[in-house]
Number of protein chains: 2
Amino acid sequence: MSEQFQLHPQLAKDSIWLADWPLCQLRLINDTNYPWFILVPRRVNIKEVIDLTEEDQTSLWQESAKLSRLIRVKYNPEKLNVAALGNIVPQLHLHVIGRFIEDAAWPAPIWGKVAPQPYTKQQLSVLQQDWSAAES
Amino acid sequence: MSEQFQLHPQLAKDSIWLADWPLCQLRLINDTNYPWFILVPRRVNIKEVIDLTEEDQTSLWQESAKLSRLIRVKYNPEKLNVAALGNIVPQLHLHVIGRFIEDAAWPAPIWGKVAPQPYTKQQLSVLQQDWSAAES
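Every chain is numbered on its own, with residues counted from 1 as its sequence reads. Labels are handed out in written order, letters beginning with A for the chains and numbers beginning with 1 for the ligands. The model is predicted, so local features are restricted to residues of pLDDT at least 70 and side-chain atom pairs to those at 80 or more, both for listing and for counting; the totals for chains, interfaces and linings are taken over all residues. The side-chain numbers reported here are obtained from all heavy atoms of the structure, hydrogens and water having been left aside.

**Re the nonpolar core**
What tends to happen in soluble globular proteins is that the nonpolar side chains get buried as a cluster.
Part 1: Side-chain atoms within 4.5 Å link the members of a nonpolar core, which is a set of buried Ala, Val, Leu, Ile, Met, Phe, Trp, Tyr and Cys residues. Exposure is judged per residue with a 1.4 Å probe applied to protein chains only, and the accessible area is read against the type maximum: over 50% gives exposed, under 20% gives buried, and values in between give partly exposed. Among the nonpolar cores identified, the biggest contains 58 residues, and Leu 26 and Leu 67 of chain A together with Leu 26 and Leu 67 of chain B are the most heavily contacted of them.
Part 2: Contacts between residues were defined by any pair of non-hydrogen atoms, one from each residue, lying within 4.5 Å. Setting aside anything within four residues of it in sequence, one finds Leu 67 of chain A in contact with Trp 21, Leu 26, Phe 37, Leu 39, Val 96 and Trp 131 of chain A.
Part 3: Trp 36 of chain A together with Ile 29, Ile 38 and Ile 110 of chain B belong to the second-largest nonpolar core, a separate cluster that totals 27 residues.

Okay, structure coming up:
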């Protein structure tokens, strides 16, 4: 029996499901400091982008571009940050973040800068409804 | 007259030219703490990956994959970090870095962690020769 995709428990803890796109789960990091999203390919035992098939790599970058465009339209950030790091959580996940000159970490990268400020349930509900309307 | 590509002076200061690939300049960040490379698309006035044409985006990710595979073969890192940040230097550049459990910043992202440790001229000469041999 082939292994099934399972989200890494740390990613499950830090983020909220928004949508299933053709390759990836689109998830929101639960931190109001930044509009911070991750794309998690629904594949098993993949640590690096280059471990995906070529077809899946193409899909990942298409979904990254789509997410980038949506963040730009919805938030109008000063800059987008796009990053596959994974030094702590080895399951491949791509960060796509809207950055602002007045945000909590600017101009530094956001990781480890300030404590996350969780969304309220109501804020999450609005965001989930909004993002589920973005076509896959 | 159309504008010509010019490398941002901060990138010129921090890194050394290794090769011209079809889309990007491949450059080495002058810091022996990590095998740290950047890909700079030879395009004018581009801040974000999604500002490149679709064809150029495809080239960028192909060159990123090629660079990732070369870093893996040459250095055998624990993890690859791939990131387009650009909060300080707005000219689009993609970082591709080999990370090790014993490196100076592990498991944190590398930016701003420790002072760069420049290569010697001899080390740079060896690296330039080695990387110029990698086919574009």
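**Some thoughts on the interface of chain A and chain B**
Part 1: Every contact between the two is made by 27 residues of chain A and, on the other side, 27 residues of chain B.
Part 2: Within this document, salt bridges are pairs made up of a side-chain nitrogen of Lys or Arg and a carboxyl oxygen of Asp or Glu, the two lying within 4 Å of each other. Our enumeration of links across chain A and chain B arrives at five salt bridges.
Part 3: Note that Asp 51 of chain B is salt-bridged to Arg 72 of chain A, the shortest N-O span being 3.0 Å.
Part 4: Nitrogen and oxygen atoms within 3.5 Å of one another constitute a polar contact, given that in protein one can donate a hydrogen and the other can accept it, and given that sequence-neighbouring residues count only through two side-chain atoms. Our count for the chain A to chain B interface comes out at 20 residue pairs in polar contact (both at pLDDT 80 or more).
Part 5: Elements with a contribution of two residues or more to the side of chain A that touches chain B: α2 (54-75) and β4 (79-84) of chain A.
Part 6: The residue classification treats Ala, Val, Leu, Ile, Met, Phe, Trp, Tyr, Cys and Pro as nonpolar and Asp, Glu, Lys and Arg as charged. All others, Gly included, are polar. A per-class count over the side of chain A that touches chain B returns 14 nonpolar, five polar and eight charged.
Part 7: The sheet contact formed by β4 of chain A and strand β4 (residues 79-84) of chain B spans three bridges and is antiparallel. Bridge pairing in β4 of chain B places Ala 83 of chain A opposite Ala 83 of chain B. Helix and strand assignments come from DSSP, with helices taken as H or I runs of at least 4 residues and strands as E runs of at least 2, each series counted from the N terminus. In this analysis, strands are considered paired if DSSP registers two or more bridges between them.

**Re the relation of the copies chain A and chain B**
Part 1: We superpose the copies by least squares over the C-alpha atoms of residues that have a pLDDT of at least 70 in both of them. Mapping chain A onto chain B calls for a rotation angle of 180° and an axial translation of 0.0 Å; the resulting RMSD is 0.0 Å. Read as a symmetry element, the transformation amounts to a two-fold axis. For chain A, the residue whose C-alpha comes nearest the rotation axis is Ala 83 of chain A, separated from it by 2.0 Å.
Part 2: When you check the interface residues of chain A against chain B, 100% turn up at the interface there too, and the contact is symmetric in its surfaces.

**Things to note about the pairing of strand β1 (residues 15-20) of chain B**
All names here are of chain B.
Part 1: Of the pairings in the sheet, the one linking β1 to strand β2 (residues 24-29) comprises five bridges and is antiparallel in character. By the bridge assignment for β2, Asp 20 is matched with Gln 25.
Part 2: Between the antiparallel neighbours β1 and β2 lie three residues.

**Considering the pairing of strand β5 (residues 94-99) of chain B**
Residue and element names in this part refer to chain B.
Part 1: Here β5 lies mainly inside the structure; six of its six residues are buried.
Part 2: Here β5 shows two buried faces, one formed by Leu 94, Val 96 and Gly 98 and the other by His 95, Ile 97 and Arg 99.
Part 3: Summarising the sheet, strand β3 (residues 36-41) and β5 pair through four bridges and their orientation is antiparallel. When the bridges of β5 are listed, Trp 36 appears paired with Ile 97.

**Some points on the environment of Leu 18 of chain A**
Part 1: Secondary-structure assignment places Leu 18 of chain A in strand β1 (residues 15-20).
Part 2: The residues touching Leu 18 of chain A, leaving out its near neighbours within four places in the chain, are Leu 26, Arg 27, Leu 28, Phe 37, Leu 127, Gln 128, Trp 131 and Ser 132 of chain A.

**Quick look at the pattern of salt bridges**
Part 1: A complete count under the given rule lists 13 salt bridges over all chains for this structure.
Part 2: Lys 79 of chain A serves as the salt-bridge partner of Glu 48 of chain B, at 2.8 Å between the closest nitrogen and oxygen. In this pair, Glu 48 of chain B sits in the loop between β3 and α2 (54-75) while Lys 79 of chain A sits in strand β4, so the two residues belong to two different chains.
Part 3: Exposure remark for Lys 79 of chain A: the relative accessible area of 3% places this residue in the buried category.

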